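# Descriptive structure summary
One letter stands for each residue in the lines below.
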Amino acid sequence: YQRRVHGDLGCPTADANLRAQCKDVWETTPKPCCWCDEGGRRCLLRAPRKEAYRVPLNIEVIDEPHFRDWLGRSWDYQGVDDHVLAEVPGFRIDVKLSQCSERSRATCITETALVDTTSGKSVQFKAGSPFPFTCSDAKLDGSEDKVVLGPVVVTKEDKGKSLAKWTAKLGTKLVAEVLVEEKVLDVLVKIGKGFDEGDVKGGLLSGVHREEVAKYWGKNLDRMKLAGSAIRVGARNAFRSAVTWRLPPEESYICSTKTKPYDFAKVMEPTHSRVSNIVNKETRLKYHACCQSLTCSPEGYDECIFDHYELNSFEEPKSCIGGYTTIAADICQRPNGEGGCVGGWTTWSICENNKQSRRYVVDKIAIPGFGVCPFPHDYIEVRSC
C-alpha cells in the first residue's frame, strides 16, 4: 500500500538507513517518511518506523457481519448483543449486533454509542432514526446539522440514498462516520490527527483476543511480523477473538440495553450462515442489480449478495440495501493511478484430520494493462498439519 506523489517534495534517494526508518507498513501518520524511487520519477511515502501503528487511514465495518480490522484483515462475525467496536484513551465506540431480519441468521449493527469515557456520556444512533440522541434527557448542544456533547462533535453530511449520514469527531483520536439505513447502521472508523502509537485499547477493530491487546498493540512492536500477511481470517478463528469483546449489559453504553438488559450468560456459538453457504449462481442472479457496482471486488460483491439475501424476506419482493453505492465508491476507487490486483491469502484454517486450507481472496481485480492476480479468486490451497 503506497501513495505516489508527484511534485517538488524534495524527497531524497533511498538508502539502507532511510529504508530502515521507513518500514513498508500501512500509511498512517501525518509525518510521512519520504524517498524517491530508483529512477527518481516519484516520491514514495511510508509511515516512519517509530510511528508504525499498522492502522490504515480508513477502518470500516461494512454491513455486518463483515469487518475490516486494525491489522488490515477482513473477517466475518455474526455475534449478538453489545460489543466494543473500538477503544482509545478517553473514547469508546460500542455497537449492538442484532439479527438482520426475523428470518436472518446473520447479524447487523442496529445501534451505536460514541462515548466520552471520561464523563460517561455518549451520542447514540439507531437504525431507522436519522438523528442522534442521548440516553437521558440531557440536551445535545448545537443545531439540526451539528451537535456537541463535550469532546464529541457530530456533523450532518450529504446522506445520498441513505436515511442519514453523520461524521463524529471523538476528540482528536478517532473520526467515525455513521450511515443510517432503515434496518442497519454502517460504521466507518478513521484515526484522527491526535492518534498515537499505543492508543489502541481494544475492541473488535483491534483484530485480536481481549487478552492479547498488549501483545499486539503495545508500543514499539513490529505488528507486521506479529499479524502476518493474511488478508482475511477464517470464521472460526475470527469468532474466538471477536466474542471476547461482547459486553456484560451493565458495562454497555447502548441506551436500549440500559433499559432492557440481555442475558449475558447465554452461550454464543459460531454461526454456520456464511457467505460461502449462501452465495451461489441463483442468489447472484437475483441480486446482481443491487450489487453490480461492486464487481470490481469479487469478495465485496459476494458479501453484498449475502447481505441482500439475508435482509430480504422470502415472500417479499427484493429490495436493494441503501448505502452500497457509497461503499462501492470507496472500495473501487483507484487512487493515484494504481490499477494492479489487490489480493492475498486468508489465514490457515484450524487443523482437522491432519489437513489445513487457506483461500486466495481478490479484493480488487486488476484494470486492463496492469498486473493480474497470481491466483484466481477463491483458489484453495491445502497442506498437511
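This structure is a prediction, so every number in the text was calculated from the model and none was measured. (Residues numbered from 1 in each chain as written. Predicted model: local features only at pLDDT ≥ 70, side-chain atom pairs only at ≥ 80, totals over all residues. Heavy atoms only, no water.)

### Let's talk about the overall build of the protein chain
- Across its full length, the protein chain holds nine helices and 20 strands.
- Taking all 385 residues of the protein chain together, 50% fall into the buried category.
- In the protein chain, the proportion of contacts linking residues at least 24 apart, taken out of those at least 6 apart, comes to 56%.
- Looking at the protein chain as shown, the accessible area adds up to about 18800 Å², and 51% of this sits on carbon and sulfur atoms. (Helix = DSSP H or I, 4+ residues; strand = E, 2+ residues; numbered from the N terminus. Buried < 20%, exposed > 50% of the residue type's maximum accessible area, 1.4 Å probe, protein only. Contact = heavy atoms within 4.5 Å. Areas by Shrake-Rupley, 256 points an atom, 1.4 Å probe, with all protein chains shown as cover.)

### Structural notes on the sheet that holds strand 18 (residues 342–345)
- Strand order in the open sheet formed by three strands is 18-19-20, with antiparallel pairing between adjacent strands. Single-partner strands in this sheet number two, and they are strand 18 and strand 20 (380–384). Averaged over all pairs of adjacent strands, the angle between their axes in this sheet comes to 15°, without regard to strand direction.
- Two elements, strand 18 and strand 19 (residues 355–364), share four bridges in a ladder whose sense is antiparallel. In the strand pairing of strand 19, Val342 is matched with Lys364. (Pairing = 2+ DSSP bridges. Axes fitted to C-alpha atoms, helices over the stretch in contact; angles between N-to-C directions.)

### Here we look at the environment of Leu97
- Within the secondary structure, Leu97 is located in strand 8 (residues 91–99).
- Taking C-alpha positions, Leu97 is 5.8 Å from Thr107, a pair spaced ten residues apart along the chain.

### A word on unusual backbone geometry
- Its identity is not glycine, yet Asn353 carries a phi of approximately 55°, on the positive side.
- In this structure, Asn353 sits in the loop between strand 18 and strand 19.
- One non-glycine residue, Asn354, lies in the positive phi region at around 65°.
- With respect to the helices, strands and loops of the structure, Asn354 is situated in the loop between strand 18 and strand 19.

### Re the confidence of the model for the protein chain
- Overall, the prediction assigns the protein chain a mean pLDDT of 78, with 74% of residues at 70 or greater.
- Per-residue pLDDT, averaged within each element of the protein chain, yields its smallest value for strand 1 (residues 3–5) (37) and its largest for strand 14 (residues 152–156) (95).
- Segment residues 1–9: pLDDT under 50, and 24 contacts once partners within four positions in sequence are set aside and those in other chains are kept.
- Across residues 23–31, where pLDDT falls below 50, the model places 36 contacts with residues more than four positions away in sequence or in other chains. (pLDDT = per-residue confidence, 0-100.)

### Some details on the nonpolar core
- Residues Tyr77, Leu85 and Phe125 are the most contacted members of the largest nonpolar core, which totals 50 residues.
- Core analysis: the second largest hydrophobic core is formed by 22 residues, Val275, Tyr287, Ile305 and Ile331 among them. (Core = buried A, V, L, I, M, F, W, Y, C linked by side-chain atoms within 4.5 Å.)

### Let's talk about the sheet that holds strand 9 (residues 107–116)
- The sheet built from five strands is open, its strands ordered 7-8-9-10-11 with antiparallel pairing. Looking at strand neighbours, the two that pair on one side only are strand 7 (81–88) and strand 11 (129–133), the edges of this open sheet. With strand direction ignored, the average angle separating the axes of adjacent strands in the sheet is 20°.
- With seven bridges connecting them, strand 7 and strand 8 associate as antiparallel partners. Bridging from a neighbouring strand, Asp81 pairs with Leu97 of strand 8.

### Thoughts on the packing of helix 7 (residues 281–291) against helix 8 (residues 298–311)
- At a closest axis distance of 9 Å, the pairing of helix 7 and helix 8 adopts a crossing angle of 105°. Overall, the two elements helix 7 and helix 8 adopt an arrangement that is roughly perpendicular. Residues Thr283, Arg284, Tyr287, His288, Cys290 and Cys291 of helix 7 form the contact with helix 8, whose participating residues are Tyr301, Asp302, Cys304, Ile305, His308 and Tyr309.
- Of the residues contributing to the contact of helix 7 with helix 8, the split by class is seven nonpolar, three polar and two charged. (Parallel < 35°, antiparallel > 145°, perpendicular 65-115°, else oblique. Nonpolar A, V, L, I, M, F, W, Y, C, P; charged D, E, K, R; others polar.)

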